Amino acid sequence: MGSVASYFGQLCGGEEKKEEERHLRANDRPFNLSYNYANNAIKTSKYNIFSFLPCNLFEQFRRLANAYFLFLMLLQLIPQVSSLSWFTTAVPLILVLSMTAVKDASDDIVSRNCNLKNKYLNNSVLGQKTVTMSRLKEHCFLLILYHLSRTDTKATIKEGSVFTVFLPRDEGVNAALSSFLSFWSYVIILNTVVPISLYVSVEIIRLGNSFYIDWDRKMYYPKNDTPAQARTTTLNEELGQIKYIFSDKTGTLTQNIMTFNRCSINGKAYGEQVDFSWNRLADPKFMFHDYSLVETVREGNLEAQAFFRLLALCHTVMPEEKKEGELYYQAQSPDEGALVTAARNFGFVFRSRTPETITAVEMDRSVTYELLAVLDFNNVRKRMSVIVRSPEGKVTLFCKGADTIIFERLHPSCNKLKEITIGHLNEYAGDGLRTLALAYKDLDERYLEDWKQRHHEASTAMEGREERLDELYEEIEKDLLLLGATAVEDKLQDGVPQTIEQLAKADIKIWVLTGDKQETAENIGYSCNMLREEMRDIFVVAANTAEGVKEEGMVALGGLLTSVRSCTPFLLYCSQAFALEKNLQMELLRTACMCQTVICCRVTPLQKAQVVQLVKKYKQAVTLAIGDGANDVSMIKAAHIGVGISGQEGMQAVLSSDYSFAQFRYLQRLLLVHGRWSYLRMCKFLRYFFYKNFTFTFVHFWYAFFCGFSAQTVYDEWFITLYNLVYTALPVLGLSLFDQDVNDRWSFQYPQLYTPGQLNLYFSKKAFVRCMLHSCYSSLILFFIPWAAIYDTVRDDGKDIADYQSFALLAQTCLLVVMNVQLCLDTDYWTAVNQFFVWGSLAAYFAVTFTMYSNGMFLIFTSSFPFIGTARNSLNQPNVWLTIFLTSLLCILPVVAFRFILIQLRPTINDKVRHKVRKEALPAPTPRRPPARRISTRRSGYAFSHSQGYGDLVTSRKFLQRLPLWSRQAPFTQTDSPLAQNQPQHYRTIAEEPEESQSP
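Since this is a predicted model, take the numbers as computed values, not measurements.

(A) Summary view of the side chain of T728. With respect to the helices and strands, the residue T728 is situated in the loop between α26 (717-727) and α27 (729-738). Under the relative-accessibility criterion, T728 is labelled buried at 3%. A polar side-chain atom of T728 sits 3.0 Å from a polar atom in the side chain of K692. If near-sequence neighbours (up to four positions away) are discounted, T728 is found in contact with K692, Y723 and L816.

(B) Region of interest: the confidence of the model for the protein chain. When pLDDT is averaged across the protein chain, the result is 77; 72% of the residues are at 70 or more. Low confidence marks residues 931-938, where pLDDT is under 50. Its contacts with residues over four positions away, or in another chain, come to 19 contacts.

(C) Representation of the packing of aromatic side chains. Tallying each qualifying case throughout the model produces 39 aromatic pairs. With 6.3 Å between their ring centres and 25° between their planes, F696 and F719 make a pair best called stacked. Here F696 is found in helix α25 (residues 666-704), whereas its partner F719 is found in helix α26, with 23 residues between them in sequence. There is no split in this pair, since F696 and F719 are both buried. Consider the rings of Y845 and F846, whose centres lie 5.1 Å apart with planes at 65°: the pair is edge-to-face. Three or more aromatic residues joined by ring pairs form one cluster here, namely F696, Y715, F719, Y723, Y727, Y845, F846 and W881. A cation over a ring is seen here: K692 above F689, with NZ or CZ 4.2 Å from the ring centre.

(D) Local environment of the packing of helix α30 (residues 765-790) against helix α35 (residues 878-905). Relative orientation of the contacting elements α30 and α35 amounts to 160°, with a least axis distance of 10 Å. As far as their axial angle goes, α35 and α30 are roughly antiparallel. Every pair of crossing elements has a handedness; the one defined by α30 and α35 is right-handed. In this structure, α30 uses H774, Y777, S778, I781, L782, I785, P786 and A789 to contact α35, whose residues at the interface are T883, L886, T887, L890, C891, P894 and V895. Split by residue class, the contact of α30 with α35 holds 11 nonpolar, 4 polar and no charged.

(E) Inspection of the pattern of salt bridges at higher detail. Per the counting criterion, the structure on display carries 30 salt bridges. Here E475 and R454 are joined by a salt bridge, their closest N and O atoms 2.7 Å apart. A residue pair is termed long-range when its members are at least 10 positions apart, and E475 in helix α16 (residues 465-476) and R454 in helix α15 (residues 445-459) qualify at 21 residues. Judged by relative accessible area, which is 29%, E475 ranks as partly exposed. What makes R454 partly exposed here is its relative accessible area of 26%. Between K505 and E501 there is a salt bridge; the shortest N-O distance is 3.7 Å. Residue K505 and its partner E501 are located together in helix α17 (residues 496-505), separated by 4 residues, close to a single helical turn. The exposure class assigned to K505 is partly exposed, which follows from its relative accessible area of 42%. Salt bridges sharing common partners tie together R381, R383, E408, R409, E474 and E477.

(F) Spotlight on the pairing of strand β13 (residues 481-492). Burial analysis of β13 places 9 of its 12 residues in the buried class, which makes it a mostly covered element. Where strand β12 (residues 434-442) meets β13, 7 bridges bridge the pair, whose relative direction is antiparallel. Paired with Y440 across the bridge in β13 is L481.

(G) How the structure looks around the pairing of strand β8 (residues 357-362). The buried fraction of β8 amounts to 5 of the 6 residues, a majority that puts the element mostly inside the structure. As paired elements, strand β7 (residues 348-353) and β8 share 5 bridges and run antiparallel to each other. Bridge pairing in β8 places F350 opposite A360. The loop that links β7 with its antiparallel partner β8 comprises 3 residues. In this sheet, strand β9 (residues 365-375) lies alongside β8 in antiparallel orientation, the contact comprising 6 bridges. Looking across to β9, one finds that I358 is bridged to Y369.

Rules behind the numbers
- Residue numbers run consecutively from 1 along every chain, following the written order of its sequence.
- Restriction of local features to residues with pLDDT of at least 70 applies here, the model being predicted, together with a cutoff of 80 or more for giving and counting side-chain atom pairs; totals for whole chains, interfaces and linings are based on all residues.
- Values shown for side chains rest on all heavy atoms present in the structure; no hydrogens or waters enter the calculation.
- Strands are runs of DSSP state E lasting at least two residues, helices are runs of H or I lasting at least four, and both sets are numbered from the N terminus onward.
- In this scheme, a residue with accessible area under 20% of its type's maximum is buried, one over 50% is exposed, and one in between is partly exposed, where area comes from a 1.4 Å probe on protein chains only.
- Counting of polar contacts relies on pairs of N or O atoms within 3.5 Å, with two restrictions inside protein: one atom must be capable of donating a hydrogen and the other of accepting it, and residues adjacent in sequence are counted only when both atoms are side-chain atoms.
- In this analysis, two residues are considered to be in contact whenever any of their non-hydrogen atoms come within 4.5 Å of each other.
- Known as pLDDT, the predictor's confidence for each residue is given on a scale from 0 to 100.
- To pair, rings of Phe, Tyr and Trp, with the six-membered ring standing in for Trp, must have centres within 6.5 Å; the planes then decide the type, stacked if under 30 degrees apart, edge-to-face if over 60, and tilted in the middle.
- Counting as a charge over the ring demands two things of the Lys NZ or Arg CZ atom: a distance within 6 Å of the ring centre and an angle within 35 degrees of the ring normal.
- Orientation is described by lines fitted to C-alpha atoms, with helices fitted over the stretch in contact, and by angles between N-to-C directions that extend from 0 to 180 degrees.
- Comment on the angle field: the value is read as roughly parallel under 35 degrees, roughly antiparallel over 145, roughly perpendicular from 65 to 115, and oblique elsewhere.
- Less than a right angle of anticlockwise turn of the near helix away from the far helix marks a crossing as left-handed, whereas a clockwise turn marks it as right-handed.
- Three classes are used: nonpolar for Ala, Val, Leu, Ile, Met, Phe, Trp, Tyr, Cys and Pro, charged for Asp, Glu, Lys and Arg, and polar for all others, with Gly counted as polar.
- Here, a salt bridge means any Lys or Arg side-chain nitrogen found within 4 Å of an Asp or Glu carboxyl oxygen.
- Two strands pair under a simple rule: DSSP has to find at least two bridges between them.

See below:
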């Protein structure tokens, strides 16, 4: 029976056979298609023309809010339950569903177009970040439910215990049933606490603030024709609450470009722009800044020529020359490429190499050197050397490396030159340049032969090979003669130090997560102003074992607890593989969060994401991650907000991000201006929206005591329908789209204005409770003042006007006037649009009211417009207008007095800055200033991105082997490199180093 069921299940499509193997034939598409295998096509659109309406409605009603309002509309169709007509809920619901459907259709069309254009994208790129409801909504949503339940419960109890004798009751109607129906009636009436228009308004505000980002010309990068782009509309207000920024280094903080900037040769410093047109083999993109150096080289200065000869010979670069004069250098280190290019432009051109020779063109003369040995780089040596024999038979050792390492190995005769060079190095380091020292040594042939024999024995030894080689290297690299030093600029993007300084003033903590070595990370910290010389408390955790990491972490934590807070301590973590273990990750978090600046080096893409998730999980703070490459995608997706920089490394980061732009410096405008304004506007919107709807609903509650809790409404049904959709919709949208406490320049002038958003001061639980109390007070005034004013009141002609319809008109008019005056008090920045919305809404109210209460509407739709003549009979009475004025005054005066006292006694940072704005002129744009010069021993950049093992490669024949074309691999995996694109070479910082397998 089981097999029969299985058979029929397969026929009906109920059971699918598990696929265990596939038959494929290379280059035979018809054969492969004959098996009807599932293809790998990616479909990013959800609908087609037939499925759109049912599927979209199904998805919309899966949302709790839409299902709730649909339930209310169905309740309103029951006459025994609802005292309101069904259209009071149906009209807003249909409007919301229609607007959402249009938006979903538009998004789906865009997605379909993207699918047609970008079929090559990886599946990982197409995943969209699921955005959770913001914390603002979480606070108010829970409290609103609580308020509803309490209000409904009280109403039901009082209806049964106090007003039972006054309630009209049909014969045979059960009291319990009547109470049950009355409860649901009040659920319908009080649903305006959170109307469905709230969700539409929020989406419109978010969309508008997203457009501001897209349209911001100050975030447009003309060089690449790249504007800023808000790729989501749901996170704008959280941009104003960022506490932690996690940034990549290469391509994010830097331009990914290396340039030979300055140098010191034989005690003389050089560095001004130079014209290299005299050299036909020069790289056209190379720039240097000193004519005197060119003249020195061309005049035949021996030291200068030896300096550039060293740069042309002492390296592991691979050359390629497809056309005469068009050289392409494949450098494993960006520093290497910049230095060899510098030698090339000054007339010492590295042309080709074999395992035994190096060919260079020295001042238009081709010279071939015999390569005798390469003393390779490693992390301990921090230097490399080559031993070469010139055509004249002279044997020389050329050495370059970290200045501190080279200076320890100099001949005593170089002491004076060393002191001069140290001064130059300090100057270069003060400008944030990456430096290294150059030295040489002439070797005796007999000594070299003996050394080479011992070197061969050590290199072929089965035990202690590395130690024996290091001893030999130490032996021969002694008594060196100093040639000078180089200074290479790892170019930062424009404005990076200023941006980091501004964000730090806003109390945003910046963590740099990079795959580079410790020295690289520390150097970039100084260049970006994250590290400063006055920082005395710099803690480094770099142990290679879990126990070591724990001990160093405890030492750092102890130091942080005893350090002075004004020192803004800095932490450098170099042991992420151990620090992220479960038993150590809390120590990492506790220690790192006490520092203003944290740099984590040698981290893999996965570890970047783990660091972000750790902070996100335990700190309850809004996080932002920013990067430019594929290795940053996991970090960008892990953070609350991901920002992608469209740079040199493709579009993977941008496609996975929530916001994107071309330069890191735009981040400060995104956060300090757009983010802060969005947060401020959303908080004002929510406070005002709940105030006006709580007040609107509380008036119903007070009226229940006078209508016997019969669920009769205070206001006209059409006023209830149009209150949130028409009368108060546009003014609050104008406030939420255009308001700003200060302009963008003042926002940059005082980054401290950003701090309230991090603490969520503008819409906290406390602010929500204050909003409810304000609404309660206003509702009391708005109900009892009109009630008292109209009670037993007569018209000028002696007729009684104390009827329900006149009272309803007076109450709703007072409510609308007070709401508009309150909105005017909340508005800090007035535009013509705001003025139009406020006055236009009041004009629309009176126009609609006189129209709906006219004789004509009553004659055409008698049952729908029963308030015939109420407007013209009530609003022509002076006491009605006096009541409106008195009610508005009693509602607004306490607010003005409270705010005045609060500003005088406890002014916020916003109050202080706005006070300055009134007194001072508009601040000028901040001038770009050069970075402060520093004096530091942390200078060398040579070892920063260099790797061990390339010396063995260039002395072997592996790089000469030509593989078959079908299996030959590209020398670079980075396909957007100039070499891969067959363009003239200019040297960029290489991508972060690949992941290394690290185990405890």
